[in-house]
Amino acid sequence: EAQVTQNPRYLITVTGKKLTVTCSQNMNHEYMSWYRQDPGLGLRQIYYSMNVEVTDKGDVPEGYKVSRKEKRNFPLILESPSPNQTSLYFCASSLQLGSSTQYFGPGTRLTVL
Amino acid sequence: DQQVKQNSPSLSVQEGRISILNCDYTNSMFDYFLWYKKYPAEGPTFLISISSIKDKNEDGRFTVFLNKSAKHLSLHIVPSQPGDSAVYFCAASLYNTDKLIFGTGTRLQVFP
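Residues numbered from 1 in each chain as written. Chains lettered and ligands numbered in written order. Predicted model: local features only at pLDDT ≥ 70, side-chain atom pairs only at ≥ 80, totals over all residues. Heavy atoms only, no water.

S.K.: Please clarify how the state of the cysteines should be interpreted in this entry.
M.R.: Structurally, a disulfide amounts to a covalent bond that connects the sulfur atoms of two cysteines. The final tally for this structure, using the stated rule, is 2 disulfides over all chains. Two residues, cysteine 23 of chain A and cysteine 91 of chain A, share a disulfide whose sulfurs are 1.8 Å apart. Here the S-S torsion is close to -70 degrees, and the disulfide linking cysteine 23 of chain A with cysteine 91 of chain A is therefore left-handed. Of the two residues, cysteine 23 of chain A is situated in strand β3 (residues 19–25) and cysteine 91 of chain A in strand β9 (residues 87–94); the sequence distance between them amounts to 68 residues. Each member of the pair, cysteine 23 of chain A as well as cysteine 91 of chain A, is classed as buried. Across the disulfide, cysteine 23 of chain B is cross-linked to cysteine 90 of chain B (sulfur-sulfur distance 1.9 Å). (Disulfide = S-S within 2.5 Å. Helix = DSSP H or I, 4+ residues; strand = E, 2+ residues; numbered from the N terminus. Buried < 20%, exposed > 50% of the residue type's maximum accessible area, 1.4 Å probe, protein only.)

Below, the structure is given as structure tokens:
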């Protein structure tokens, strides 16, 4: 089954404690993205990757890091989480960004205390 | 500055009637538009799209209309069903870029 998986689905942590949210897709897609969803703000792109070892900033990259060492995986790293990073996070993959359909993971709800 | 706007945070429609969800955008360089549907505890799923060279695209009960002069698109659902109750996001992309800009979403509730 074609899918995008994220782990963990739910996470409560404290300020400053490094964490990683994993994302994996099995569709051999080149493009992967991370979004955060906040009330009244919709989905905002954090980082995206066009291929292995190629990443670029989206609209709200501050406080986040990503890596793309393999085509299927695109982890999101919060080196020092802060309460304003409490949000619902989605990973997505697609054949290409823009006009290509993006397939989203189920989401990770992160709470930073 | 929100480039893609969905001014109605929520919409309530009776089953069997038409649902119309609206979306406005500010950047005339957007060339492709998409609608995604999102159920609680799930990621958004693609629903329907339209290229800027068209003004209408239809897929079953779902039709998207694009008015480029007004920088406006709308999603029509006919007839609406209770299973359509979800949050709907419109999104727009710039030609030949890797950017997809989402709106803030409209929560549709279809009641019996």
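S.K.: I tried to follow the pairing of β9 of chain A on my own but got confused; where do I start?
M.R.: In summary, the side chains of a regular strand alternate between the two faces of the sheet. All names here are of chain A. For β9, the buried fraction is high: 8 of the 8 residues fall into the buried class. Neither face of β9 is open: one carries Ser87, Tyr89, Cys91 and Ser93, the other Leu88, Phe90, Ala92 and Ser94, and all of them are buried. In this sheet, β9 lies alongside strand β4 (residues 31–38) in antiparallel orientation, the contact comprising 7 bridges. Within β9, the residue paired with serine 33 across the bridge is alanine 92. The pairing of β9 with strand β11 (residues 108–112) spans 3 bridges and is antiparallel. Each bridged residue has a counterpart across the sheet, and for tyrosine 89 the counterpart in β11 is threonine 108. Taken together, the 2 bridges between β9 and strand β10 (residues 103–104) define a ladder with antiparallel strand orientation. Residue pairing across strands places serine 93 opposite tyrosine 103, the latter belonging to β10. (Pairing = 2+ DSSP bridges.)

S.K.: Teacher, can you tell me more about the sheet that holds strand β6 (residues 56–59) of chain B here?
M.R.: The pairing of strands in a sheet happens through backbone hydrogen bonds and is either parallel or antiparallel. The strand order β1-β3-β8-β7-β6 (chain B) describes an open sheet built from 5 strands, whose pairing is antiparallel. Because the sheet does not close on itself, it has two edges, and the strands there are β1 (4–5) and β6 of chain B.

S.K.: Please explain the interface of chain B and chain A as it appears in this structure.
M.R.: Often, the extent of an interface is quoted as the loss of accessible area on bringing the components together. Each partner contributes residues to the interface: chain B has 20 residues there, and chain A has 24 residues. Where chain B abuts chain A, roughly 1700 Å² becomes buried across the two surfaces, and 56% of that area is made up of carbon and sulfur atoms. At the junction of chain B and chain A, the tally comes to 0 salt bridges. Here chain B and chain A share 2 residue pairs in polar contact (both at pLDDT 80 or more) between them. Looking at the side of chain B that touches chain A, the elements with two or more residues in it are β4 (30–38), β9 (86–94) and β10 (100–102) of chain B. Its residues assigned to classes, the side of chain B that touches chain A shows 10 nonpolar, 6 polar and 4 charged. (Contact = heavy atoms within 4.5 Å. Buried area = accessible area lost by both parts, 1.4 Å probe. Salt bridge = Lys/Arg side-chain N within 4 Å of Asp/Glu carboxyl O. Polar contact = N/O pair within 3.5 Å; in protein donor to acceptor, adjacent residues only side chain to side chain. Nonpolar A, V, L, I, M, F, W, Y, C, P; charged D, E, K, R; others polar.)

S.K.: How do you make sense of the nonpolar core when you look at a structure like this?
M.R.: Most often, soluble globular proteins keep nonpolar side chains buried together rather than apart. Counting residues in each nonpolar core, the largest one holds 24 residues, and the members touching the most others are Val4, Phe33, Trp35, Leu73, Leu75 and Tyr88 of chain B. Those elements that provide at least two residues to this core are β3 (19–25), β4, β5 (45–51), β7 (62–67), β8 (72–77), β9 and β11 (106–111) of chain B. Broken down by element, this core gets its largest block of residues, 4 residues, from β9 of chain B. Setting aside anything within four residues of it in sequence, one finds phenylalanine 33 of chain B in contact with Tyr25, Ile48, Ser49, Ile50, Ser52, Leu66, Leu73, Ala91 and Ala92 of chain B. If you look at the next biggest cluster of nonpolar residues, it comprises 19 residues, including Trp34, Val60, Leu76 and Leu110 of chain A. (Core = buried A, V, L, I, M, F, W, Y, C linked by side-chain atoms within 4.5 Å.)

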